[in-house]
Amino acid sequence: MSSHTIPGALELAGASVIITRPAATAAALVRAVRRRGASVVRLPGSRLCAIEDADATRAMLFAAQSADAWIFTSPAAVDFCLALTGPFTRAPARQVFAVGAGTGRALARRGIASIVPLGSQNSEGLLDEAALSTPKGWTIAIIDAPGGRDLLAPGLRERGATVSRIGVYRRMPPQLTRRQLDALDQAARPWLTLLSSGAALEHLMAVLPSGPIARWQREALIVSSERLRDLASGHGFADVHVARSALDADLIETACRVLSRHRL
C-alpha cells in the first residue's frame, strides 16, 4: 500500500464504489471498501455456477492426480474443485500453482501448499516463475472455468508441456434486479468501479440499459491489468486506471489515489 494510503482512514468517503465481482467472492472487498468510508454498489458482472456434468468433471479431476502439476486460476476454482472432489488427503499433484495470492490463500485454507507468483499476480506473473520455466515433458492440469482467458495453456505448451484445462465452474451473465439497478442510478458521484474480469465487463455491457451505461462510461474505472484497460477503452470508457494486480489492496489503493486526484 502506498505511503499516501493510511489503513483505516476514510480515504473513499463521499464516493460510490461499484464492485463487479460475483456475490459469492465479493464479501471481503465490500468490507474493505466500506471501512474506507465509501458507499458500496454491488453490480456483479457474473454468476458463478457449478459445472453441468459434475460426474464427468469429477472423473477428470481424479484422473489428473497423476499430473506433474495443477494450476488453480482463482479462489472460485479452488472452492468448486473441492466441492467436486472433497478434501485432498495429499496434494493433488507433485506441484500446485496458484494464479495470485488470493488463490494461494484459498488453497492454504484447505491444507494445500502452492507456488504463488512473486511478481505480477496474474497468468503472466506465474509464467515468469522459475518453477515453470522448463516444464518440457510435464503433464499439467489447469483448473478454471470454461471460456475464460487462455494465456497459460498456450504458453506452457510452447515450453513443451502437455496441458489440459478442467472447467469446474461456469461464469454466467448476471440476473440484475430492479433494486440493483436503482442503487446504481441513485449512487452519489464520483463513481469508482473495481474491475478484475473481462467477462464481467462484457456481461454488464450486454445487460445494463443504455442510460446507466452512458453514465458509467464517464466515471473512473479501476482495472487489474493492461489487457482490461484495452478492453474497457474499446467499450467507450475514457477514465481507466490500472492497479498493480487484482488483489483487494491493490484495487483499493488505486481507487484512493484516483479519488484524491479528483478532489484536487
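Placed above this text is the structure.
The following paragraphs examine the structure supplied in this document. Because the structure is predicted, anything quoted here is derived from the model rather than measured.

What counts and how
- Residues numbered from 1 in each chain as written.
- Predicted model: local features only at pLDDT ≥ 70, side-chain atom pairs only at ≥ 80, totals over all residues.
- Heavy atoms only, no water.
- Helix = DSSP H or I, 4+ residues; strand = E, 2+ residues; numbered from the N terminus.
- Rg over C-alpha atoms; globule rule 2.2 N^0.38 Å.
- Buried < 20%, exposed > 50% of the residue type's maximum accessible area, 1.4 Å probe, protein only.
- Pairing = 2+ DSSP bridges.
- Axes fitted to C-alpha atoms, helices over the stretch in contact; angles between N-to-C directions.
- Contact = heavy atoms within 4.5 Å.
- Right-handed = clockwise from strand over helix to strand, strands pointing away.
- Salt bridge = Lys/Arg side-chain N within 4 Å of Asp/Glu carboxyl O.
- 1 Å grid on protein atoms, 1.4 Å probe; cavity = no way out; pocket = protein on both sides within 12 Å on 5 of 7 lines; lining within 4 Å.
- Points joined across faces, edges and corners; volume = space filled by probe spheres on them.
- Nonpolar A, V, L, I, M, F, W, Y, C, P; charged D, E, K, R; others polar.
- Core = buried A, V, L, I, M, F, W, Y, C linked by side-chain atoms within 4.5 Å.
- Parallel < 35°, antiparallel > 145°, perpendicular 65-115°, else oblique.
- Polar contact = N/O pair within 3.5 Å; in protein donor to acceptor, adjacent residues only side chain to side chain.

**Some remarks on the overall build of the protein**
Summing up its helical and strand segments, the protein has 11 helices and 11 strands in all. Here the protein has a C-alpha radius of gyration of 19 Å; the compact-globule value for 264 residues is 18 Å, and the two agree. For the protein, the C-alpha atoms occupy an extent of roughly 55 × 40 × 35 Å along the three principal directions. Counting across all 264 residues of the protein, residues that qualify as buried make up 49%.

**Some points on the sheet that holds strand β6 (residues 139–144)**
Each strand in a sheet pairs with another by means of backbone hydrogen bonds, the pair being arranged parallel or else antiparallel. As summarised here, the arrangement of the four strands in space is β5-β4-β6-β7, forming an open sheet in which the pairing is parallel. For this open sheet the edge positions go to β5 (95–98) and β7 (162–167), each flanked by a neighbour on one side alone. Pairs of neighbouring strands in the sheet enclose a mean axial angle of 20°, with direction left out of account. Taken together, the four bridges between strand β4 (residues 69–72) and β6 define a ladder with parallel strand orientation. Opposite A69, over in β6, you have I140 as the bridge partner. In the packing of helix α3 (residues 75–85) onto the sheet, the strands contacted are β4 and β6, and the crossing angle to β4 comes to about 120°. Set on the sheet, helix α4 (residues 101–109) makes contact with β4 and β5; between it and β5 the angle comes to about 135°.

**Some remarks on the pairing of β5**
Because side chains alternate across β5, one face comprises the buried residues Q95 and F97, and the other comprises V96 and A98, equally buried. Here β4 runs beside β5; their pairing, made up of four bridges, is parallel. Along β5, the bridge assignment pairs W70 with V96. Tracing the backbone out of β4, into α3 and back to the parallel element β5 gives a crossover that is right-handed.

**Re the pattern of salt bridges**
Inspection of every chain in the model, using the stated rule, returns 12 salt bridges. D248 serves as the salt-bridge partner of R21, at 2.6 Å between the closest nitrogen and oxygen. One end of the pair, R21, is in the loop between β1 (16–19) and α1 (27–35); the other, D248, is in helix α11 (residues 248–263), and 227 residues separate them in sequence. You can call R21 buried: its relative accessible area is 17%. We note a salt bridge from D55 to R58, for which the minimum N-O separation is 3.0 Å.

**Let's talk about empty space enclosed by the protein**
Under the defined criterion, the tally for this structure stands at one cavity of 30 Å³ or more. By volume, the largest cavity is sized at about 30 Å³. Lining the largest cavity, in full, are I19, T20, R21, L29, L194, L195, S196 and L251. Taken together, the residues of the lining of the largest cavity break down into five nonpolar, two polar and one charged.

**Quick notes on the pairing of β6**
Burial of β6 is extensive: five of the six residues sit out of reach of the surface. In this sheet, β7 lies alongside β6 in parallel orientation, the contact comprising six bridges. Of the residues in β7, the one forming a bridge with I143 is I166.

**Some words on the nonpolar core**
Counting 24 residues, the largest nonpolar core has L61, W70, F72, C81, I143 and V168 as its most contacted members. Sorting the residues of this core by element identifies β4, α3, β5, α4 and β6 as the ones contributing at least two each. Per-element tally for this core: the top contributor is α3, with six residues. With sequence-adjacent residues up to four places away left out, V168 is seen in contact with I51, T57, L61, A77, F80, C81, L84, I143 and D144. Grouped together as the second largest cluster of nonpolar side chains are 22 residues, V30, A32, V33 and A38 included.

**Describing the packing of helix α8 (residues 198–207) against helix α9 (residues 210–217)**
The geometry of α8 relative to α9 is characterised by a closest axis approach of 8 Å and an angle of 135° between their N-to-C directions. Classified by the angle their axes make, α8 and α9 are oblique. Counting all contacts with α8, which are made through L201, L204 and M205, the residues of α9 involved are I213, W216 and Q217.

**Some remarks on the side chain of N122**
Structurally, the position occupied by N122 is in the loop between α4 and α5 (123–127). A polar side-chain atom of N122 sits 3.2 Å from the main-chain amide nitrogen of E124. Sequence-distant contacts of N122, that is, excluding residues within four places in its chain, are made with V99 and P117.

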